[in-house]
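Structure at a glance
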Amino acid sequence: MKVLKFGGTSIGSVEALQALTGVVKSNLEQGERIIVVVSAMGGLTNLLIKTAEDAVKGIDFSNAMSAIEARHFEVVKALIPIQQQNKVFTTLKIYFQELEDLMQGVTALKELSPKTKDAILSYGEKCSAFMLSRILRPVYEKTEFLDATQVVKTDSSFGNAHVDFDQTNLLIQNYFNHHNDELTIVTGFIASDNQNRTTTLGRGGSDYTAAIIGAALNASQIEIWTDVNGMMTADPRRVNKAFSLDELSYTEAMELSFFGAKVIYPPTMVPALMKRIPLVIKNTFNPEFEGTFIRHENKSSDTVIRGISSVDYVSILNVQGSGMVGKAGFSGRLFSLLSREQVNVILITQSSSEHSITFAVAPEDAIFAKSLIEQEFELELAAGKLEPIRIENDLSILAIVGENMKQTPGISGKLFSSLGRNGVNVVAIAQGSSEYNISVIINHDHLSKALNAVHDAFFAELQKTLHVFVVGVGNIGKELLTQIKNHHASLVQDNLINIKIIGLSNSRKMFVNPDGIDLENWENILNEKGEQASLGGFVDQMKSLDLPNCVFVDNTATPAPSQYYKEIFESNISVVTCNKIANSGEYKQFELLKKTAQKHGVDFFYETNVGAGLPIIKTLNDLIISGDKILKIEAILSGTISFIFNNFKGDVTFYDIVKQAQEKGYTEPDPRDDLGGIDFMRKMLILARNSGLALESSDVELGAILPENCAKAPSVDAFYEELKVSNDYFEKLKNDAAAEGKVLRYIGKLEDGKVSINLQAVGPEHPFYSLSGSDNIIAFTTERYCETQMVVKGPGAGAAVTAAGVFADLVKVGAE
Ligand code: ADP
Ligand code: ASP
Ligand code: MG
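Residues numbered from 1 in each chain as written. Chains lettered and ligands numbered in written order. Predicted model: local features only at pLDDT ≥ 70, side-chain atom pairs only at ≥ 80, totals over all residues. Heavy atoms only, no water.

Side note on the side chain of Thr-782
When you line up the elements, Thr-782 lands in strand β28 (residues 776–782). Overall, the relative accessible area of 0% leaves Thr-782 in the buried class. In terms of polar contacts, Thr-782 uses its side chain to reach the backbone amide nitrogen of Arg-784, at 3.1 Å. (Helix = DSSP H or I, 4+ residues; strand = E, 2+ residues; numbered from the N terminus. Buried < 20%, exposed > 50% of the residue type's maximum accessible area, 1.4 Å probe, protein only. Polar contact = N/O pair within 3.5 Å; in protein donor to acceptor, adjacent residues only side chain to side chain.)

Written out as structure tokens, the structure is:
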């Protein structure tokens, strides 16, 4: 048996309720018995509080009442079959009438006691649970509604009542034993005292209701369904880089939620822990998300802290003076006073000299707490043994939490240095004796910055998930996505790298989904859900999502994306590209990009700029980094040119071989685009720049393959005609080389700081002599590899190998 609790956002709208129904349905299909607990519709409890506060001031509340009604009616109209709607309206109207009577009572008496307030608030849950029970009837006929005031018994601390577990457990067991064939929808949050007056369990208390019921019935699991992917490393509204946690211990969950992680109400952990029932936080809007498991047995975390949470506003009170030193029982007197008067103390720090105690309370409690202390310690104050009590406002608490902190030194150092570096002043510090949390009090103005800085400091090294934005989904892009899809599981399992494609764009459409795009179906998603493509808009969305370990992949061959690289690096996003344009433009630009990436600590990988997937730039870099000196690089970096000269031998004419290359699909539509050597030249330039030379394309000596008449022919057909006309020219080249026992090769060379590409005749001693097919080849002559060169050879073009090269670059991002 499982208990499923749905929060306000899961029941706040028609769409949400449809998602909720889906979750319930799939659970029922699995055949397990479930009990559903619900909160009021999202925002409704706040609205009820505000309306009641208005009512006490005599402000007209009829608009608010109509709004409350309208929200429920809208859902009923959309989700309940028309024949059944009237019955549902009738019950809801009775509730609204009772609620209105209560509000009127408040106005008449000009009084809103905690008791009345609880009675008012209970209507949020009563309406939602009743309504949901009727919405779910078509899914499961015997769906009934249970008002939890019948089964959850508490004391009479209205607003935050304490559960009487003995009574409650019996009542729950009794009720569900008698209703074991029905799907019960229970109101969260509300209960009743021994006089059957309605009480509430504290804000957020529906989670607690679910745990109380789950524990009473020994449920196998208690699921908290909300609007985010489980418990995250920090509040996702404040820290964009926060990510979901797979699991936590009860203590960790308790500490995180105590210090503000609202996703689960702290007392919820207690009944679950007592019975060791796992609590799972799940996302109604993303049911595939497995959930955050809070349980007894956890695998050890690979990070020192689990998460960071914060309390937005607190005030601190400072009690100090000589009267406190060595006085046993002073703090006992102080804190039992506060507890007696129900002032909740969030955090305490005491200086080691015992000269002062600082403690934090909710801002609304500060003045009351101060006056309590002033009364209690009147004599000490009058005698000057205590200094006047000081209150400081507009402060926040930031807490880091995790069981691993206990064994790990240096954590507070890391915390304080990250705060210090970001200019955040720490007003007070507390470390719980459990060492499961360290809390600091800081100025509220600094909270967002502090949370992000601390998150970066503790989680940056994880680099588990790469968030990838891809532009260009043509041959290479498509192949890349297929490869990622196919290797995804093994990458996650064996390499702890999870590649998530967040954004996709081609020249027409773009689509971004922060939760990741399904690679089984990306083409349809892009076509159907994509908006009109705009590169600037795509980059803006990527920047504003501000995801950790973010990578921009440019698979295009157009100049536009490279204009954004700098801006992308400045947003701490890495770039992986097979596009040569950025690196073969002006040297200044190449240098600026490299420096910007370096300055922002991100990667700029473009292995596929030269020789597709062959490890050429990597090899060059490795040689240089390891202290070798490059003496010469020789290369054939065009598959087409390689094919043409490798096969231009014997009786074959140059015309024949170019035609053949075209028929095999090796050449560009106009073969002169290959034979002109421009693309080859760009690759040589990129190599030269990576070996440290500040060269421009005009510095490269580019020897011609074609005589003028061929190069300048007005059309492709005319070009072929000119090849025939120039047959003697090519034959002579071939025969002259053959006469010396050599072959023709068009070779790029980097030597003595100069780059040239020329047609050459090479003999059998040269590594390129026996080259065949359309392979690329590159030979490094270095101080270490000088007798025999280091040679890299293989296919240097094609979508599959290029995509594989991009993929390899992608996986490397953030690895160093
Ligand atoms: P529900 O209505 O489902 O009970 P709540 O609003 O009570 O939902 O809690 C969910 C919200 O908690 C999330 O929308 C999120 O903004 C906030 N939250 C704060 N800290 C965290 C955290 N560490 N992890 C996840 N959510 C958090
Ligand atoms: N509706 C209640 C609240 O808003 C209880 C809950 O949502 O858990 O506090
Ligand atoms: Mg909640």
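Moving on from the coordinates now.
Digging into the pattern of salt bridges
Tallied over the entire structure, the rule returns 34 salt bridges. Note that Glu-144 and Arg-137 form a salt bridge whose closest N and O atoms lie 3.3 Å from each other. Using a relative accessible area of 28% as the deciding quantity, one classes Glu-144 as partly exposed. Measuring nitrogen to oxygen at the nearest pair gives 3.8 Å for the salt bridge that ties Glu-392 to Arg-390. Among the residues examined, Arg-390 registers a relative accessible area of 42% and is labelled partly exposed. (Salt bridge = Lys/Arg side-chain N within 4 Å of Asp/Glu carboxyl O.)

Some words on the site of ligand 1
Around ligand 1 sit 17 residues in total, of which Gly-8, Thr-226, Asp-227, Met-232 and Arg-237 are the nearest. Take Asp-235: an N or O atom from its side chain is 3.3 Å from an oxygen atom of ligand 1. Residue Val-263 places a main-chain N or O atom 3.5 Å away from an oxygen atom belonging to ligand 1. Expressed as a share of its isolated accessible area of 570 Å², the protein-covered part of ligand 1 is 90%. When grouped by side-chain class, the residues that make up the shell around ligand 1 number seven nonpolar, five polar and five charged. (Near = heavy atom within 4 Å. Areas by Shrake-Rupley, 256 points an atom, 1.4 Å probe, with all protein chains shown as cover. Nonpolar A, V, L, I, M, F, W, Y, C, P; charged D, E, K, R; others polar.)

A few points about the sheet that holds strand β23 (residues 604–605)
Here seven strands make up an open sheet; going across it, the order is β20-β19-β18-β17-β21-β22-β23 and the pairing mixed. Each edge of the open sheet carries a strand with a single partner, namely β20 (531–532) and β23. Across five bridges, the pairing between strand β17 (residues 465–471) and strand β21 (residues 550–554) is parallel. For Val-471, the partnering residue across the bridge sits in β21 and is Asp-554. Sitting on the sheet, helix α15 (residues 475–495) touches β17, β18 (498–505) and β21, and the angle it makes with β18 is about 160 degrees. (Pairing = 2+ DSSP bridges. Contact = heavy atoms within 4.5 Å. Axes fitted to C-alpha atoms, helices over the stretch in contact; angles between N-to-C directions.)

Details of the site of ligand 2
Every residue close to ligand 2 is listed here: Ser-39, Ala-40, Thr-45, Glu-125, Phe-189, Arg-203, Gly-204, Gly-205 and Ser-206. One nitrogen or oxygen atom from the main chain of Gly-204 is found 2.9 Å from an oxygen atom belonging to ligand 2. Note that an oxygen atom of ligand 2 is positioned 3.5 Å from one of the backbone N or O atoms of Gly-205. Here ligand 2, which alone exposes 260 Å², has 86% of that area covered by the protein. When grouped by side-chain class, the residues that make up the shell around ligand 2 number two nonpolar, five polar and two charged.

Examining the packing of helix α23 (residues 654–663) against helix α27 (residues 716–725)
In helix packing, the relevant descriptors are the interaxial angle and the interaxial distance, both defined with respect to the helix axes. Interhelical geometry of α23 versus α27 gives an angle of 150 degrees and a closest axis separation of 8 Å. The angle between α23 and α27 places the two elements in the roughly antiparallel class. Between α23 and α27, the residues in contact are Phe-654, Tyr-655, Val-658, Lys-659 and Gln-662 and Phe-719, Tyr-720, Leu-723 and Lys-724, respectively. Looking at the contact of α23 with α27, its residues break down into six nonpolar, one polar and two charged. (Parallel < 35°, antiparallel > 145°, perpendicular 65-115°, else oblique.)

Some details on unusual backbone geometry
Positive phi is not limited to glycine here, since Asn-218 has a value of about 50 degrees. One can find Asn-218 in the loop between α7 (206–216) and β7 (221–226). Here Asn-218 falls in the exposed class, since its relative accessible area comes to 53%. The phi dihedral of Asp-752 falls on the positive side, at around 50 degrees, and the residue is not glycine. For Asp-752, the position within the fold is in the loop between β26 (743–751) and β27 (754–762). Exposure remark for Asp-752: the relative accessible area of 70% places this residue in the exposed category.

Some remarks on the sheet that holds β27
The mixed open sheet is built from six strands, whose spatial order is β25-β27-β26-β24-β28-β29. At either margin of the open sheet sits one strand with a lone partner, and together these are β25 (701–702) and β29 (790–794). Here nine bridges tie β26 to β27, and the two strands are oriented antiparallel to one another. Across the sheet, Ile-747 pairs through a bridge with Asn-758, a residue of β27. Across the sheet, helix α25 (residues 678–690) touches β24 (630–636), β25, β26, β27 and β28, and the angle it forms with β26 is around 35 degrees. Lying on the sheet, helix α28 (residues 727–739) is in contact with β26 and β27; it crosses β26 at an angle near 85 degrees.

Focus: α23
For α23, every residue scored as buried is listed here: Phe-654, Tyr-655, Ile-657, Val-658 and Ala-661. Structurally, α23 contributes buried residues whose contacts are with α22 (639–647), α24 (672–675), α27 and α28. Gly-665, located one to two residues past α23, shows a positive phi value of around 80 degrees.

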